[in-house]
Amino acid sequence: KDLDKVLPLVRKNIYAILRRKKPSDFTLQRSNTEERIKKEILTASNALLLSGTGTVTDVFFSNFMIK
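Since we're looking at a predicted model, the values are computed, not measured.

Caption draft 1: Structural context of the overall build of the chain. Counting its secondary structure elements, the chain contains 2 helices and 0 strands. Residues classed as buried in the chain amount to 21% of the 67 residues present.

Quick look at the structure:
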């Protein structure tokens with residue numbers, strides 16, 4: 001429930017994180033890149049949730065495509 005309340009902000013933060021990435025940020029191994037982005041998304045998402053209401057513990061990519 002708490003995540004549903006801030007979901008638009010979470011999406012906005014995810015898009016902002018991904019837009020800030022440059023092609024050179026993806027030159028390292030793919031698994032390292034995914035892990036770094038996951039950590040950024042987790043940190044940004046948990047910052048939006050009120051303390052004591054829960055936390056986001058993992059991020060799952062259904063697609064990871066670089067154009």
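Caption draft 2: Up close: the pattern of salt bridges. For the coordinates displayed, the defined rule picks out 2 salt bridges. Of the charged contacts, one joins K38 and E35 as a salt bridge, the two residues approaching to 3.9 Å between their closest N and O atoms. Here E35 and K38 lie together in helix α2 (residues 30–48), a separation of 3 residues that amounts to about one turn.

Caption draft 3: Seen up close, the environment of L3. Locating L3 in the fold gives a position in helix α1 (residues 2–19). Overall, the relative accessible area of 35% leaves L3 in the partly exposed class. Sequence separation between L3 and N46 is 43 residues; the distance between their C-alpha atoms is 9.4 Å. Apart from residues lying up to four places away in sequence, L3 is in contact with V10 and L49.

Caption draft 4: Summary view of α1. Under the 1.5 Å per step criterion, the end-to-end length of α1 is 26 Å for 18 residues, consistent within 8% with the ideal 26 Å. Where α1 bends most, at P8, the angle is about 50°. Turning to α1, its buried residues number three or more, namely V6, V10 and I17.

Caption draft 5: Region of interest: the nonpolar core. Within the largest apolar cluster, 7 residues are counted, these being I17, I37, I41, L42, A44, V59 and F64. Ranked by residues supplied to this core, first place goes to α2 with 4 residues. Excluding anything up to four places from it in sequence, L42 contacts V56, T57, D58 and V59.

Caption draft 6: Representation of the environment of V10 in the model. Structurally, V10 can be placed in helix α1. Sequence separation between V10 and A47 is 37 residues; the distance between their C-alpha atoms is 9.6 Å. With sequence-adjacent residues up to four places away left out, V10 is seen in contact with L3, S45 and L48.

So, how was this worked out
- Residues numbered from 1 in each chain as written.
- Predicted model: local features only at pLDDT ≥ 70, side-chain atom pairs only at ≥ 80, totals over all residues.
- Heavy atoms only, no water.
- Helix = DSSP H or I, 4+ residues; strand = E, 2+ residues; numbered from the N terminus.
- Buried < 20%, exposed > 50% of the residue type's maximum accessible area, 1.4 Å probe, protein only.
- Salt bridge = Lys/Arg side-chain N within 4 Å of Asp/Glu carboxyl O.
- Contact = heavy atoms within 4.5 Å.
- Expected span 1.5 Å × (residues − 1).
- Bend = angle between axes of the 7 residues up to and from the residue.
- Core = buried A, V, L, I, M, F, W, Y, C linked by side-chain atoms within 4.5 Å.

Treat this as a map of the structure, not an account of what it does.
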